[in-house]
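Given next are the chains, with one letter for each unit.
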There are 2 protein chains.
Amino acid sequence: MKKKALLIAAALTGLCSALPAAAQFQKPEDAVKYRKAAFTVMASHFGRIGAMAQGRIPFDGAAAAANAEVVADMSKLPYAGFVEGTSGTEKGQPKPNVWSERPKFDAAAKKMQDEVAKLAAAAKTNNLDQLKAAFGSAANSCKACHDDFRNP
Amino acid sequence: MKKKALLIAAALTGLCSALPAAAQFQKPEDAVKYRKAAFTVMASHFGRIGAMAQGRIPFDGAAAAANAEVVADMSKLPYAGFVEGTSGTEKGQPKPNVWSERPKFDAAAKKMQDEVAKLAAAAKTNNLDQLKAAFGSAANSCKACHDDFRNP
């Protein structure tokens, strides 16, 4: 009976749109495609800020602020796509400890989200030094999570 | 001299982050990857609203509003990725008329952006009938552009 109850609960879970993760995707592949897409968009806008922070393109405060706002918005999205059973061993794929150490992974995600929120605030100051500092902290939060949870 | 001036202008353009399209991407492939990713994220959230509008999952006003807000935000992003020379003949790739009829394409993009903004407003009413109507109009604006500018 317990097994049946679990099966029913699982079926109901699949119908509940308010749940954050697997329930939103029909297949695991959809979740993987979604999270990769969200990271791709985020990385593109983050990279544009990096180009300014590193002096590869001229500093443009308005563009930095617009890009940082997109980064901050996007930072909230990809984690719903980390559904069980979607780890891998290839370059760039998540390691199994995303799920076996989920609280640590969630904390790393939260750290990145906090840092890009600070980046968005810094970008609004129109001050290149503040942008550089906040960009560096945000980039470190990306790297820390990649080092721990992503296949190199 | 005119040619040289144009070359210099082109070089400067490549350095200006405020320009909306090609200047933001180092390679055309990056632009293609970016726009596909933005559409993937948008479609995922749009699909969650569709599932409610079509009765496949229970209506949840708060979830609908949250998803519609993401859709509206995402709708602004992909068009920067439609850089010259990235049409194709395969399923889902943009046809050459994206560029040869650019004002018409831009109008179709604007139409979709307007419709998803209305969808976001409708989703906030917590009224399923309004959500259904706005979802239908938004879906039609997607389809109209796909019919004209995307390989089937």
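Residues numbered from 1 in each chain as written. Chains lettered and ligands numbered in written order. Predicted model: local features only at pLDDT ≥ 70, side-chain atom pairs only at ≥ 80, totals over all residues. Heavy atoms only, no water.

Residues and elements named next belong to chain A. Here Thr86 is to be found in the loop between α3 (61-74) and α4 (97-100). Given a relative accessible area of 8%, Thr86 falls into the buried group. Here the side chain of Thr86 touches Val83 through a polar contact of 2.6 Å, landing on its backbone oxygen. Each residue touching Thr86, except ones within four places of it in the same chain, is listed here: Pro28, Val32, Arg35, Gly81, Pro94 and Trp99. (Helix = DSSP H or I, 4+ residues; strand = E, 2+ residues; numbered from the N terminus. Buried < 20%, exposed > 50% of the residue type's maximum accessible area, 1.4 Å probe, protein only. Polar contact = N/O pair within 3.5 Å; in protein donor to acceptor, adjacent residues only side chain to side chain. Contact = heavy atoms within 4.5 Å.)

This part takes up the packing of aromatic side chains. In this structure the tally under the stated criterion is 18 aromatic pairs over all chains. Plain terms: the ring middles of Phe46 of chain A and Phe135 of chain A are 4.5 Å apart, the flat faces sit at 25° to each other, and that makes the pair stacked. In this pair, Phe46 of chain A sits in helix α2 (residues 28-53) while Phe135 of chain A sits in helix α6 (residues 128-149), placing the two residues 89 residues apart along the sequence. On the accessibility criterion, Phe135 of chain A (10% relative accessible area) is buried. With a centroid separation of 5.9 Å and 90° between ring planes, the pair formed by Phe39 of chain B and Tyr79 of chain B is classed as edge-to-face. (Phe/Tyr/Trp six-rings, centres within 6.5 Å; stacked < 30°, edge-to-face > 60°.)

With that out of the way, let us pick up the relation of the copies chain B and chain A. Screw-axis analysis of chain B against chain A gives a translation of 0.0 Å along the axis, an RMSD of 0.0 Å, and a rotation angle of 180°. The transformation just described matches what one would write down for a two-fold rotation axis. Among all residues of chain B, the minimum C-alpha distance to the rotation axis is found for Ala37 of chain B, at 2.1 Å. Take the interface residues of chain B: 100% of them recur as interface residues in chain A, which is what a same-surface contact looks like. (Least-squares fit on C-alpha atoms with pLDDT ≥ 70 in both.)

This part takes up unusual backbone geometry. In this structure, Asn126 of chain A takes a positive phi of about 60° despite not being glycine. Tracing the chain through its elements places Asn126 of chain A in the loop between α5 (102-123) and α6.

Here the focus is the packing of helix α3 (residues 61-74) of chain B against helix α5 (residues 102-123) of chain B. Residues and elements named next belong to chain B. With their axes 8 Å apart at the nearest point, α3 and α5 run at an angle of 160° to one another. Relative to α5, α3 is oriented roughly antiparallel. In this structure, α3 crosses over α5, and the sense of that crossing is left-handed. Contact with α3, carried on its side by Gly61, Ala64, Ala65, Ala68, Val71 and Ala72, involves Val116, Leu119, Ala120 and Ala123 of α5 and no other residues of that element. In terms of residue class, the contact of α3 with α5 is built from 9 nonpolar, 1 polar and no charged. (Axes fitted to C-alpha atoms, helices over the stretch in contact; angles between N-to-C directions. Parallel < 35°, antiparallel > 145°, perpendicular 65-115°, else oblique. Left-handed = near helix turned anticlockwise from the far one by under 90°. Nonpolar A, V, L, I, M, F, W, Y, C, P; charged D, E, K, R; others polar.)

Residues and elements named next belong to chain A. This prediction gives chain A a mean pLDDT of 88; 85% of its residues lie at or above 70. Residue range residues 1-22 is modelled with pLDDT below 50. Its contacts to residues more than four positions away, or to other chains, number 20 contacts. Under the prediction, the complex receives an ipTM of 0.85, its pTM being 0.86. (pLDDT = per-residue confidence, 0-100.)

The subject of this paragraph is the environment of Ile49 of chain B. Structurally, Ile49 of chain B is set in helix α2 (residues 28-53). In this structure the C-alpha to C-alpha distance between Ile49 of chain B and Val70 of chain B, which are 21 residues apart in sequence, comes to 11 Å.

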